[in-house]
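Structural overview for review
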Amino acid sequence: MPLFALIDGNSFYCSCQRAFEPRLRRLPVVVLSNNDGCAIARTREAKLIGIKMGDPWHMARKRPETKPVVWYSSNYALYADMSRRMFQVLSGHVPRVEPYSIDEMFLDYTGMGADLHGLSRRIQQAVLHEAKIPTCVGWGPTKTIAKLANGLAKDHAELDGLCDLTDPAVRAVWYARTEIGDVWGIGRQTVEKLRREGIQTIADFIAMDPRKTRDMLTVVGGRIQAELRGQSCLPLSDVASARKSVAATRTFGRLVMEWSDMREAVAHYASRAAEKLRSDGLYAGHMSVFLQTNPHNGDPWYSNQHSSAIEPTNDTRALVKRATRLLAKLWRPGHRYFKAGVILTDLSPAGMQAVMFASQNPEMSERVMAAMDIINARYGRGMVRTASTGIQQTWETRQALLSARYTTRLSEIVGVRSW
DNA sequence: TCTGGGGTCCTAGGACCC
DNA sequence: TCTGGGGTCCTAGGACCC
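What counts as what
- Residues numbered from 1 in each chain as written.
- Chains lettered and ligands numbered in written order.
- Predicted model: local features only at pLDDT ≥ 70, side-chain atom pairs only at ≥ 80, totals over all residues.
- Helix = DSSP H or I, 4+ residues; strand = E, 2+ residues; numbered from the N terminus.
- Expected span 1.5 Å × (residues − 1).
- Buried ≥ 20, exposed ≤ 12 C-beta atoms within 10 Å, placed from the backbone.
- Contact = placed C-beta atoms within 7 Å.
- Core = buried A, V, L, I, M, F, W, Y, C linked by C-beta atoms within 7 Å.
- Domains from an automatic or database assignment.
- Near = placed C-beta within 6 Å.
- Nonpolar A, V, L, I, M, F, W, Y, C, P; charged D, E, K, R; others polar.
- Pairing = 2+ DSSP bridges.
- Axes fitted to C-alpha atoms, helices over the stretch in contact; angles between N-to-C directions.

1. Points about helix α12 (residues 316-330)
Taking 1.5 Å per residue as the helical rise, α12 with its 15 residues ought to reach 21 Å, and the 21 Å between its terminal C-alpha atoms agrees with that figure. Three or more residues of α12 are buried, namely Thr316, Ala318, Leu319, Val320, Ala323, Leu326 and Leu327. For α12, the secondary structure elements touched by its buried residues are α11 (259-279), β10 (282-293), β11 (303-313), β12 (337-349) and α13 (362-379).

Next up, the structure:
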């Protein structure tokens, strides 16, 4: 019988900030989305004050009760590095670890002995001491059950951060008192569909005829139901699967009305996407560009996208050129644009491009891009870039509250003083 | 003044083919 | 009575996730 655990970092982004600033230990901390738009991570103290996921910062920070809150712009370089550390610690305790998201990892508990509670506690303490991240752990016979157990461990203080759903009798008790919407993969639309059928709890859901489940919710719902019944359908995979798309999309720091600004912004996103491709050793064969006006402020709504197949490439210049051309087809003057982006798909690994293209000298392209990446890595992102990405960058994202990248920039490393 | 970004998987339907 | 059928590939869009 397979056995899975899911471990996740509590308020992960906030815990990463706290790891380097002990003074935050008991303070409410909130990390904001890109553009300092809204709250995306909150410590327990911040939740208690009433700050909700997605609360716009400009409103939340004015409320009198949010006075003691410490706000941070999101710092993904830091969080990604902390995630790597967590992975390393875990790899020392179980044979196989599958990173699921930046703060969640599935562990293979199969054949790990009878005292899984003790094992989980040791793992939890190791991650806390070595990576400075507090966690919750849940486990059971399928991934979906492990994920549910993890959620229960988080929501129910009496479980003290650990939850074991291996025993069917224990599961039955929780299933009867847990809403179906708390299950991994059951979102708002599905909850609504099930509610119309009188299904409220997990217990209701697993009692449904599997054929009916598949009719209503396709194979996806059928799989979730089987997993909740204890039949494992989702294997653990410790080899990272190849990524299938690369995106660079952003809400502008200010609304964009000028073609020149829009062109710069999209050129910038295409460059970012190209960098991501190269860092993963990939080429893109398809590009899609979109833009839209603000859906919140009453402006006339305009949203459009264009896409096209491209010669597989990861050359910034080629991608910028193509993105600009697609953008020109979308551009309608007179709008106040809010957001735009570039999405690359049809990805293939480097080395597959044996066929050479007339429009691009591949060897020269490789060398120019490699040089560009090296310089930008050493002197800062955007030090070398195509002229089309501009100099003013009025559309640039706001990040007013950024902390140092303690672990990934030598210049921003934590100083240690002895008294 | 001000509301995130980046992913995955699945299905339906059209185009095309023999 | 009956006016082809079935397969593959691609894309757009929906739903969900963190």
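After that view of the structure, there is still more to cover.
2. Things to note about the nonpolar core
Among the nonpolar cores identified, the biggest contains 59 residues, and Phe4, Ala5 and Val30 are the most heavily contacted of them. When residues of this core are assigned to domains, at least three fall in each of domain 1 (4-159) and domain 2 (183-228). Sequence-distant contacts of Ala5, defined by excluding residues within four places in its chain, comprise Leu107, Tyr109, Ser120, Val137, Gly138, Trp139 and Ala146. Grouped together as the second largest cluster of nonpolar side chains are 30 residues, Ala267, Ala273, Leu291 and Leu326 included.

3. Side note on the protein's contact with DNA strand C
Of all residues adjacent to DNA strand C, which total 13 residues, the nearest are Ser101, Gly187, Arg188, Gln189 and Thr190. The set of elements that each furnish at least two residues to the surface near DNA strand C consists of α8 (188-196) and β11. In terms of residue count, α8 provides more of the surface near DNA strand C than any other element does, three residues in total. Of the residues belonging to the surface near DNA strand C, the class tally is four nonpolar, six polar and three charged.

4. Section: the sheet that holds strand β8 (residues 162-164)
Taking strand neighbours across the sheet as the criterion, the five strands line up as β5-β6-β1-β7-β8 in an open arrangement whose pairing is mixed. With one partner strand each, in any of the chains shown, β5 (97-101) and β8 form the two edges of the open sheet. Averaged over neighbouring strand pairs, the angle between their axes works out to 15° when direction is ignored. By the bridge criterion, five bridges tie strand β1 (residues 4-9) to strand β6 (residues 104-108) in an arrangement that is antiparallel. Directly across from Ala5, in β6, lies its bridge partner Leu107. On top of the sheet, helix α4 (residues 76-91) reaches β1, β5 and β6; it is set at about 155° to β5, its chief contact. Sitting on the sheet, helix α6 (residues 143-155) is in contact with β1, β6, β7 (135-140) and β8, with an inclination near 140° to β7.

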